[in-house]
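Structure assessment
Below are the chains, spelled out letter by letter.
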Amino acid sequence: MVKRSPLFLGLIRPARVLGLPMFYAVIWMVGSVMAFVWVQSFWTLIFTVLSYPALWIAAEWDPHFFDVVTVVSKKTRRTKNRDQWGADSYEP
């Protein structure tokens, strides 16, 4: 079995902002700002504080989850009846 060097592990690790991978951090920041603009209340700070640990746990579970979802949604072909139902439907 090949031993992984610290240099290799450091190079494949995703970039982090405030302990979150970049894409998670962008989702957290944009979601918090949009919630504040929509609600126009400082109660959204509670939402921001509570959503950070949830995203941190999700990032520890799989830091590339949103990247995988993005690639799958781009590469998966549309079904033939998408125009009829307004979404992908695999059964009539």
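The sections below set out a description of the structure shown in this document. (Residues numbered from 1 in each chain as written. Predicted model: local features only at pLDDT ≥ 70, side-chain atom pairs only at ≥ 80, totals over all residues. Heavy atoms only, no water.)

Regarding the packing of aromatic side chains
- Per the stated rule, a full pass over the model turns up six aromatic pairs.
- Judged by centre distance (6.1 Å) and plane angle (45°), the rings of Trp61 and Phe65 are tilted.
- Since its relative accessible area comes to 35%, Phe65 is described here as partly exposed.
- Joined through ring pairs, the aromatic side chains of Phe23, Tyr24, Trp61, Phe65 and Phe66 make up one cluster. (Phe/Tyr/Trp six-rings, centres within 6.5 Å; stacked < 30°, edge-to-face > 60°. Buried < 20%, exposed > 50% of the residue type's maximum accessible area, 1.4 Å probe, protein only.)

Here we look at unusual backbone geometry
- Positive phi outside glycine occurs at Leu18, with the angle close to 55°.
- Mapped onto the elements of the fold, Leu18 is located in the loop between β1 (16-17) and β2 (20-21).
- With phi around 55°, Gln40 is a residue other than glycine that occupies positive phi space.
- Considering the arrangement of structural elements, one finds Gln40 in the loop between α2 (22-39) and α3 (44-61).
- On the accessibility criterion, Gln40 (66% relative accessible area) is exposed. (Helix = DSSP H or I, 4+ residues; strand = E, 2+ residues; numbered from the N terminus.)

Some remarks on a nonpolar patch on the surface
- A cluster of nonpolar side chains, Leu7, Phe8, Leu9, Leu11 and Ile12, forms an exposed patch at the surface whose accessible area comes to about 520 Å².
- Here Leu9 lies in helix α1 (residues 6-12).
- Residue Leu9 is classed as partly exposed on the basis of its relative accessible area, which comes to 39%. (Patch = residues over 30% accessible without salt bridge, like charges linked within 9 Å, V, L, I, M, F, W, Y side chains within 5 Å. Areas by Shrake-Rupley, 256 points an atom, 1.4 Å probe, with all protein chains shown as cover. Salt bridge = Lys/Arg side-chain N within 4 Å of Asp/Glu carboxyl O.)

Keep in mind that these numbers describe shape and distance, not what the molecule does.
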